[in-house]
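Structural overview
For reference, the chains in residue letters:
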Amino acid sequence: MGPVAEAAGPEVVTEPEPPAGRVGVVLVSHSREVAAATAALARALVGTGDPAPAAAAGGLPDGGVGTSAELVRRAVAEADQGKGVVVLCDMGSAVLTVKALLTEGTLGAADVRIADAPFVEGAVTALVTASAGGDMAAVLAATDDARTYRKL
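Anyway, here's the lowdown on the structure attached to this text. (Residues numbered from 1 in each chain as written. Predicted model: local features only at pLDDT ≥ 70, side-chain atom pairs only at ≥ 80, totals over all residues. Heavy atoms only, no water.)

Some thoughts on the nonpolar core
Within the largest apolar cluster, 21 residues are counted, with the highest numbers of intra-cluster contacts made by Val25, Leu27, Val86, Leu88, Ala115, Leu127 and Val139. Put simply, the parts of the chain that give this core at least two residues each are strand 1 (24-29), helix 1 (32-46), strand 3 (85-89), helix 4 (119-131) and helix 5 (136-148). It is helix 4 that contributes the most residues to this core, six residues altogether. With residues near it in sequence (within four places) discarded, Val86 still touches Val23, Gly24, Val25, Val26, Arg113, Ala115, Met136, Val139 and Leu140. (Core = buried A, V, L, I, M, F, W, Y, C linked by side-chain atoms within 4.5 Å. Buried < 20%, exposed > 50% of the residue type's maximum accessible area, 1.4 Å probe, protein only. Helix = DSSP H or I, 4+ residues; strand = E, 2+ residues; numbered from the N terminus. Contact = heavy atoms within 4.5 Å.)

What follows is the structure, encoded as structure tokens:
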């Protein structure tokens, strides 16, 4: 008797693991242009071709100046990769709107936090840290550093 050939089984195809999510960043401003430009600046300063998600929620749906709960909800959903979302607000009703949404529990993401940081500097430090794989605590710590960064 000669050698017995083993029957080949079905080829096993393994799906690639989805990339690990990162902390997302949402920028809430009274101005659509300010939010979008700040997000663009933060992405540009990340220094890699793969920045963490950053979404802008600026102005009102009609393009006017103000804060929109609807746009904030959309931005959080866009930025959420399952690792939490850090929200930076410019002032006043932007902060109040996000706080109200957090109280209502209508933001959808499991972990959404407001950063107490200057808008531009906080956005850059948050996105750089999130892009490097920092967790929620690291991203919030980076925004805290941005709040105390002295220029002179």
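Next comes the rest of the write-up.
Quick notes on the pattern of salt bridges
Evaluation of the coordinates by the stated rule reveals six salt bridges. Its salt-bridge partner being Arg74, residue Glu70 comes within 2.0 Å of it at the nearest N-O pair. With Glu70 and Arg74 both in helix 2 (residues 69-79), this residue pair falls four residues apart, about one helical turn. In this structure, Asp111 engages Arg113 in a salt bridge whose closest nitrogen and oxygen atoms are separated by 2.9 Å. The exposure class assigned to Asp111 is partly exposed, which follows from its relative accessible area of 26%. On the accessibility criterion, Arg113 (37% relative accessible area) is partly exposed. One continuous salt-bridge network, built from bridges that share partners, spans Asp116, Asp144 and Arg147. (Salt bridge = Lys/Arg side-chain N within 4 Å of Asp/Glu carboxyl O.)

Quick notes on the environment of Gly47
With respect to the secondary-structure elements, Gly47 resides in the loop between helix 1 and strand 2 (54-58). Residues Gly47 and Val128, 81 residues apart in the sequence, show an inter-C-alpha distance of 8.2 Å.

Focus on the environment of Val86
Looking at where Val86 falls in the secondary structure, it is placed in strand 3. Remark: the alpha-carbon pair of Val86 and Arg113, spanning 27 residues in sequence, is separated by 5.0 Å.

Quick notes on the side chain of Ser31
Checked against the element boundaries, Ser31 lands in the loop between strand 1 and helix 1. Overall, the relative accessible area of 18% leaves Ser31 in the buried class. Residues within four places of Ser31 in sequence aside, it is in contact with Gly58 and Gly59.

With respect to helix 1
It helps to recall that an α-helix has 3.6 residues per turn; residues three or four apart then point in one direction. Between the first and last C-alpha of helix 1 there are 21 Å, a value that for 15 residues agrees with the 21 Å anticipated at 1.5 Å per step. For helix 1, the full list of buried residues reads Ala35, Thr38, Ala39, Ala42 and Val46. The buried residues of helix 1 occupy an angular sector of 100° when projected down its axis, which confines them to one face. Of the exposed residues in helix 1, the ones pointing more than 90 degrees away from its buried face are Glu33 and Ala44. Sitting at the head of helix 1, Ser31 places a side-chain oxygen 3.3 Å from the backbone nitrogen of Glu33. Just beyond helix 1, the residue with positive phi is Gly47, at close to 85°. (Expected span 1.5 Å × (residues − 1). Arc of directions from axis to C-beta. Polar contact = N/O pair within 3.5 Å; in protein donor to acceptor, adjacent residues only side chain to side chain.)

What about the sheet that holds strand 1?
Strands sit in the order 2-1-3-4 across an open sheet of four strands; the sheet is parallel. The strands lining the two open edges of the sheet, one partner per strand, are strand 2 and strand 4 (112-114). Across this sheet, the average inter-strand angle for adjacent strands is 20°, counted without regard to direction. Relative to strand 4, strand 3 runs parallel, the two being bridged by three bridges. By the bridge assignment for strand 4, Val87 is matched with Ile114. (Pairing = 2+ DSSP bridges. Axes fitted to C-alpha atoms, helices over the stretch in contact; angles between N-to-C directions.)

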